[in-house]
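# A structural walkthrough
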Amino acid sequence: MIAQATAKKPTHLTISSRIQERLRQGTLTQKQVDGFQEFLKDVERKLLHHRIIRNNAYTKWFQKGTATDVELRHFIQQFSVFSNQFLVAALLKVINSPTLQQSRASREILLNELGVIYRHIEQIPNTIALTEEAKDKEGDPELVSTDGTVDGGICRFQAAHFEWLLGVAQGLGLDFAEIGKRKHGRPKTLHFCDELIHLYGSDDQQIAQGASFAVEHWAAAGFWQELEDGFMRIKQMRHPHLRLAFFTWHNRVEAQHAAHTLEELEEVYFNPNFDRAKFFEGGWQILEAIAVFWDGLYSDLLQ
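Residues numbered from 1 in each chain as written. Predicted model: local features only at pLDDT ≥ 70, side-chain atom pairs only at ≥ 80, totals over all residues. Heavy atoms only, no water.

Time to look at the environment of Trp164. Mapping Trp164 onto the fold places it in helix H8 (residues 161–171). Residue classification places Trp164 among the buried residues on the basis of a relative accessible area of 11%. Here the alpha-carbon distance between Trp164 and Leu244, two residues 80 residues apart in the chain, equals 7.7 Å. In this structure the side chain of Trp164 is engaged in a polar contact, spanning 3.0 Å, whose partner is the backbone oxygen of Gln158. (Helix = DSSP H or I, 4+ residues; strand = E, 2+ residues; numbered from the N terminus. Buried < 20%, exposed > 50% of the residue type's maximum accessible area, 1.4 Å probe, protein only. Polar contact = N/O pair within 3.5 Å; in protein donor to acceptor, adjacent residues only side chain to side chain.)

Moving on, we come to the packing of aromatic side chains. One pass over the full model with this rule turns up 45 aromatic pairs. Relative to Phe293, the ring of Phe82 has its centre 6.0 Å away and its plane inclined at 50 degrees; by these criteria the two rings are tilted. Highlighted residues: Phe82 in helix H5 (residues 69–95) and Phe293 in helix H12 (residues 276–301), separated in sequence by 211 residues. Residues Phe82 and Phe293 agree in their burial class; the two are buried. For the pair Trp218 and Phe223, a centre-to-centre distance of 4.7 Å together with 5 degrees between the ring planes defines the contact as stacked. The burial state of Trp218 is the same as that of Phe223; both residues are buried. In this structure, Lys46 is placed above the aromatic ring of Phe280, and the distance from its NZ or CZ to the ring centre is 4.5 Å. (Phe/Tyr/Trp six-rings, centres within 6.5 Å; stacked < 30°, edge-to-face > 60°. Lys NZ or Arg CZ within 6 Å of the ring centre and 35° of its normal.)

As a further point, take the nonpolar core. Counting residues in hydrophobic clusters, the biggest one holds 85 residues, and the most contacted among them are Phe75, Ile76, Phe79, Trp218, Phe231, Phe247 and Trp294. Of the residues forming this core, the biggest block, 14 residues, is contributed by helix H10 (residues 205–237). Sequence-distant contacts of Phe79, defined by excluding residues within four places in its chain, comprise Leu165, Phe223, Trp224, Leu227, Phe246, Phe293 and Trp294. (Core = buried A, V, L, I, M, F, W, Y, C linked by side-chain atoms within 4.5 Å. Contact = heavy atoms within 4.5 Å.)

So, about the packing of H5 against helix H6 (residues 100–114). When two helices pack together, their arrangement is given by the angle between the helix axes and by the axis-to-axis distance. Packing of H5 against H6 brings their axes to within 8 Å, and their N-to-C directions diverge by 155 degrees. Classified by the angle between their axes, H5 and H6 sit roughly antiparallel to one another. When the axes of H5 and H6 are compared, the crossing they make is left-handed. Of the residues in H6, those touching H5 at Phe86, Leu87, Ala90, Leu91, Lys93 and Val94 are Ser103, Ser106, Arg107, Ile109, Leu110, Glu113 and Leu114. Of the residues in the contact of H5 with H6, the class split is eight nonpolar, two polar and three charged. (Axes fitted to C-alpha atoms, helices over the stretch in contact; angles between N-to-C directions. Parallel < 35°, antiparallel > 145°, perpendicular 65-115°, else oblique. Left-handed = near helix turned anticlockwise from the far one by under 90°. Nonpolar A, V, L, I, M, F, W, Y, C, P; charged D, E, K, R; others polar.)

We now examine the pattern of salt bridges. Overall, the coordinates contain ten salt bridges when judged by the stated rule. Across the pair Asp300 and Arg186 runs a salt bridge whose closest N-O atoms are separated by 2.6 Å. Taken together, the positions of Asp300 in helix H12 and Arg186 in the loop between H8 and helix H9 (187–200) put the pair 114 residues apart, joining distant regions of the chain. When its relative accessible area of 18% is taken as the criterion, Asp300 is described as buried. Residue class for Arg186 comes out partly exposed when judged on its relative accessible area of 36%. (Salt bridge = Lys/Arg side-chain N within 4 Å of Asp/Glu carboxyl O.)

What follows is the structure, encoded as structure tokens:
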């Protein structure tokens, strides 16, 4: 019998030092800051307490490392469809960005997905020799960085996230032609992909902002850790050569993405045109679509 998942503790959003500094400088009033704090409480209650963030039954099951090879191949195939179709949503987010600054922030994500490596402004060459095992788990320094900027970065085919995922797939007997295409997606997987395009890539910036915030906080809430834990157990027990950089890298980087979306929210919230209702609409609808995806995978286990 598959055990029920245990709910995670909810994330708490607090007033950042950026807001406190704006209050100190007088560009924000105490009333505005108090209003923003109340809004963050609404965000926690309406979005961050969503069941798919707090209680993802599939990833809790996966964390145990008991998935069979058939179940692993099914997971990788469905996840690869989402991962590849995300590029369409990410491109639309770039196209529909209302400001140059937001366009650049969106391009950071898209170009890194496609293989442009983040670099630090004053990057120091890595001279430490790493084993192949360490390169896979921690990230080959020639191909992977979790922070910095793509501006001035080097593009390498092998640094594309989909190629990392292909490495996992190949270790389980799948080849390039068997992953990533819409034709490989189950209906619930394709529903999630279509909602990403519709909401995350929306030309309505209030909807897109809510969807982007929800997606990044879902990604930072722990499901990557649960997937990494499961894969590491499987690697130790029966697939010692399985390449897992795709999962270990995303597990490390997503908290930074969530922090960036909070910073973006701080900017748009104080805009007179900010529409709370649409923000919550975009966030809630994308979380519902995410739940459809994971629920679909979980129901496949029960068949």
